[in-house]
Structures are given as structure tokens and as C-alpha cells.
Protein chains: 2
Amino acid sequence: MSPTEPNPASTEPSTVAMAIAKTPKPPYVVVIFSSIRTGDDGDGYASMAEEMDRLAAAQPGYLGVESARDVDGFGLTASYWTDEQAARAWKGVAEHAVAQRLGRERWYRSYRVRIATVTREYGF
Amino acid sequence: MSPTEPNPASTEPSTVAMAIAKTPKPPYVVVIFSSIRTGDDGDGYASMAEEMDRLAAAQPGYLGVESARDVDGFGLTASYWTDEQAARAWKGVAEHAVAQRLGRERWYRSYRVRIATVTREYGF
């Protein structure tokens, strides 16, 4: 299978494979979005998710995004921002975009958003 | 397929379906673990992951954990702690447990750990 072909095992169109975000030295801000999908409207959801990624990357203060969803529908997205103001602005844009698409109740069984300040990081 | 059967498309034994963690009023601390799996040693990895969940839940200051991994191997885990001291203690326990299993290079292509203080949260 060529890397440009969609994965036939997935029920939703695949997006670009995720990489670990290249974030600067802390402090910076993370918005953690935890959600459980309904499983309904896979096409509408996938096109919204791609639009949200594009929208986020165009916002002032954007540092990167990481996202994963289990086969059972539980998902986590971490978006990284230079500061609290940029994260708040993104919250407004994201809520407006989802509201316009009337998707919240259709796409998510439940979700939780947490805004946090990163103080330390390390890895390999 | 019945919800109790493992998904045959998954290369690793499925664990308990995730729920959104019931965290208290902020502030509290989150440890975000972003990783890319090698795809090697699925059985060893799954048994380690279950052991880590059990270990975490037994630590002082544990508030909950959320975890998701894409079919392409990208994963995010958010573990929640009462304070920085509890999160630091967990870091020591987790590193020791992984080191004992000699799994870091075998299981992960790369990873990043970020420690952050949650200041606000909301959801539905």
C-alpha cells in the first residue's frame, strides 16, 4: 500500500500520520481535548477534523498538535500554544467552527477540555 | 462483532475501554506522554502497559488516566495527579518499571513527556 492511499481498515478517511510536536523550551500552553466518539457521521467528522487542523495551524501562537484515537472511539488531542491568550483565542475559533457544523452532539458522546501550562519536558 | 470480543484488526490485545477521567476542580497536574510505537513485541508491550496502569492507580496523588493509540502507532497518554510532587514520584516509578523490562528502545521509536499544571477545564 502506498503511503498516500487511505488505510482500508479504517472506517474514516485517514489523515496525515502524527509526529511528536516540536515544542520550544517551557513554559508554553497545552489544550487537552479528551473525547468519546458516537461513531456516527464518519465522513462529516473526518472532514471537520481536517478543517480544524488547518484552522489551528493558521492561528497566532500555534506551536503544534498531536492526536490519537483508539479503535473503540476514545480520543485525545493535545494542541500547543505560545501562551494562554493564544489558547483562549483558539477555543473561540474551534467552538464557532464546530457550532457552525452542528456536529457536537452528533460526533461526540462526551468530551472534556483542559487548559494547562507546561512547566517541564524531556524525551528521546 | 460483539463489544466484548477483541478487534481482530488490532495487533495488540485490547485493554479496557477508556473513559474521560473524573478530575477535581483545577489546579492539578497532568503528565502528557506522546509516543510512536515500533510495532515490535506487541505482547510484551501490552502486558507492560497494563502493569503501568495498575502501578499508576496505586500511587499517592493519582487522579486518573486517559490513553489512545492510532492504528498507525502514534499514542497519547494523559495521567492526572494532585500535585507536582506526585507527578514526579510517578515519573521515577514509571522509568524504573520500563527500565526493568528493558523495553524503551524495543517499544518506542520516540517519545516525549510533558508535565503541566491544569488551570481550567470544561466539557459536556
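Treat the numbers as computed from the prediction; the structure is a model and nothing was measured.

Calculation notes
Residues numbered from 1 in each chain as written. Chains lettered and ligands numbered in written order. Predicted model: local features only at pLDDT ≥ 70, side-chain atom pairs only at ≥ 80, totals over all residues. Heavy atoms only, no water. Helix = DSSP H or I, 4+ residues; strand = E, 2+ residues; numbered from the N terminus. Buried < 20%, exposed > 50% of the residue type's maximum accessible area, 1.4 Å probe, protein only. Areas by Shrake-Rupley, 256 points an atom, 1.4 Å probe, with all protein chains shown as cover. Pairing = 2+ DSSP bridges. Least-squares fit on C-alpha atoms with pLDDT ≥ 70 in both. Contact = heavy atoms within 4.5 Å. pLDDT = per-residue confidence, 0-100. Salt bridge = Lys/Arg side-chain N within 4 Å of Asp/Glu carboxyl O. Expected span 1.5 Å × (residues − 1). Arc of directions from axis to C-beta. Polar contact = N/O pair within 3.5 Å; in protein donor to acceptor, adjacent residues only side chain to side chain.

The next point concerns the overall build of chain A. When you go through chain A residue by residue, the secondary structure sums to three helices and four strands. Going from the N terminus to the C terminus, chain A shows its helices and strands as β-α-β-β-α-α-β. Across the 124 residues in chain A, those meeting the buried criterion constitute 41%. When the accessible surface of chain A is split by element, carbon and sulfur atoms take 56% of a total near 6,500 Å².

On to the pairing of strand β4 (residues 108-123) of chain B. Pairing geometry for strand β4 (residues 108-123) of chain A and β4(B), over eleven bridges, is antiparallel. Counterpart to Val113(A) in the pairing with β4(B) is Tyr122(B). Alignment of strand β1 (residues 28-37) of chain B against β4(B), held across ten bridges, turns out to be antiparallel. Each residue of the ladder has a partner; that of Val31(B), found in β4(B), is Ile115(B).

The next point concerns the relation of the copies chain B and chain A. For the pair chain B and chain A, the superposition axis carries a translation of 0.0 Å, the fit reaches an RMSD of 0.0 Å, and the rotation angle comes to 180°. Between the two chains, the operation in question is that of a two-fold axis. By residue overlap, the copies meet face to face through one surface: 100% of the interface positions of chain B are interface positions in chain A.

All names here are of chain A. Overall, the prediction assigns chain A a mean pLDDT of 85, with 86% of residues at 70 or greater. For the stretch residues 1-14, pLDDT sits under 50, and the model shows twelve contacts to residues farther than four places along the chain or on other chains. Scoring of the predicted complex yields 0.84 for pTM and 0.83 for ipTM.

Residue and element names in this part refer to chain A. Counting through the fold element by element, Gln 59 comes out in the loop between α1 (42-57) and β2 (62-69). Judged by its relative accessible area of 16%, Gln 59 is buried. Discounting chain neighbours no more than four positions away, the residues touching Gln 59 are Trp 81, Trp 90 and Val 93.

All names here are of chain A. Each neighbour pair has its own omega, and for Pro 26 with Pro 27 the value is 5°, a cis peptide bond. Along the chain, the position of Pro 27 falls in the segment before β1 (28-37). Look at Asp 41: it is not a glycine, yet its phi comes out positive at around 55°. One can find Asp 41 in the loop between β1 and α1. Residue Asp 41 is classed as partly exposed on the basis of its relative accessible area, which comes to 27%.

What follows deals with the pattern of salt bridges. Residue and element names in this part refer to chain B. Considering all chains together, one arrives at 16 salt bridges over all chains under this definition. Residue Asp 41 pairs with Arg 106 through a salt bridge whose shortest N-O separation is 3.1 Å. Of this pair, Asp 41 sits in the loop between β1 and α1 (42-57) while Arg 106 sits in helix α3 (residues 104-107), placing them 65 residues apart in sequence. In this structure Arg 106 comes out as partly exposed when scored by relative accessible area, which is 40%.

Residue and element names in this part refer to chain B. Taking 1.5 Å per residue as the helical rise, helix α2 (residues 84-101) with its 18 residues ought to reach 26 Å, and the 26 Å between its terminal C-alpha atoms agrees with that figure. Restricting attention to buried positions, one finds in α2 the residues Ala 86, Ala 87, Trp 90, Ala 94, Ala 97 and Val 98. The buried residues of α2 occupy one face: seen down the axis, they fall within an arc of 95°. Exposed and oriented more than 90 degrees from the buried face of α2 are Gln 85 and Gln 100. Next to the buried residues of α2 lie β1, α1, β3 (74-81) and α3. Measuring from the backbone nitrogen of Gln 85 back to the side-chain oxygen at the start of α2 gives 3.2 Å, which picks out Asp 83 as the cap. Positive backbone phi, at 55°, marks Leu 102, one or two positions downstream of α2.

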